[in-house]
Each structure stands twice: as structure tokens, then as C-alpha cells.
Amino acid sequence: MNSLHSAAADLVALAQGSEHGGNHDSLNPYVTGGGALLVLLLMLWVTTRFNRDR
């Protein structure tokens, strides 16, 4: 039980240690979201091309 409290305390200290919110300077949220949207649309297109049941 003591190791559980110790691990939890370490995780809380690790989570509170970031001063800049944890975001890397080179990660633009619009580029990341746009890339994710593009990948999902590409996956949707591929899925609909291979679905020849209709």
C-alpha cells in the first residue's frame, strides 16, 4: 500500500512539473488536427472503395 501512495505521489509531482502546459513548440494544433482529418478521410475513402457489397 505504501508503494501505491509513493507511485501516486511521483505521478502527481510529474504532472505538476510542466510549466508550459506540456505542448512542444513545434506542434501546431491546426496542422495536427488537419493531418488527423486528412488521414481519417483517406481511411473512409479506402473503406468505401473496397466495400463492393452494394
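The structure contained in this document is the topic of the report that follows. Just so it is clear, the structure is predicted and the values come from calculations on it, not from any experiment.

Along the backbone of the chain there are 2 helices and 0 strands. The buried share of the chain, taken over its 54 residues, is 0%. When the accessible surface of the chain is summed, it comes to about 5400 Å², and 65% of that surface belongs to carbon and sulfur atoms.

It is worth spelling out a nonpolar patch on the surface at this point. On the surface, Leu-42, Trp-45, Val-46 and Phe-50 cluster together into a nonpolar patch covering about 470 Å² of accessible area. Here Val-46 shows up in helix α2 (residues 29-50). For Val-46, a relative accessible area of 31% translates into the label partly exposed.

Criteria and thresholds
Residues numbered from 1 in each chain as written. Predicted model: local features only at pLDDT ≥ 70, side-chain atom pairs only at ≥ 80, totals over all residues. Heavy atoms only, no water. Helix = DSSP H or I, 4+ residues; strand = E, 2+ residues; numbered from the N terminus. Buried < 20%, exposed > 50% of the residue type's maximum accessible area, 1.4 Å probe, protein only. Areas by Shrake-Rupley, 256 points an atom, 1.4 Å probe, with all protein chains shown as cover. Patch = residues over 30% accessible without salt bridge, like charges linked within 9 Å, V, L, I, M, F, W, Y side chains within 5 Å. Salt bridge = Lys/Arg side-chain N within 4 Å of Asp/Glu carboxyl O.

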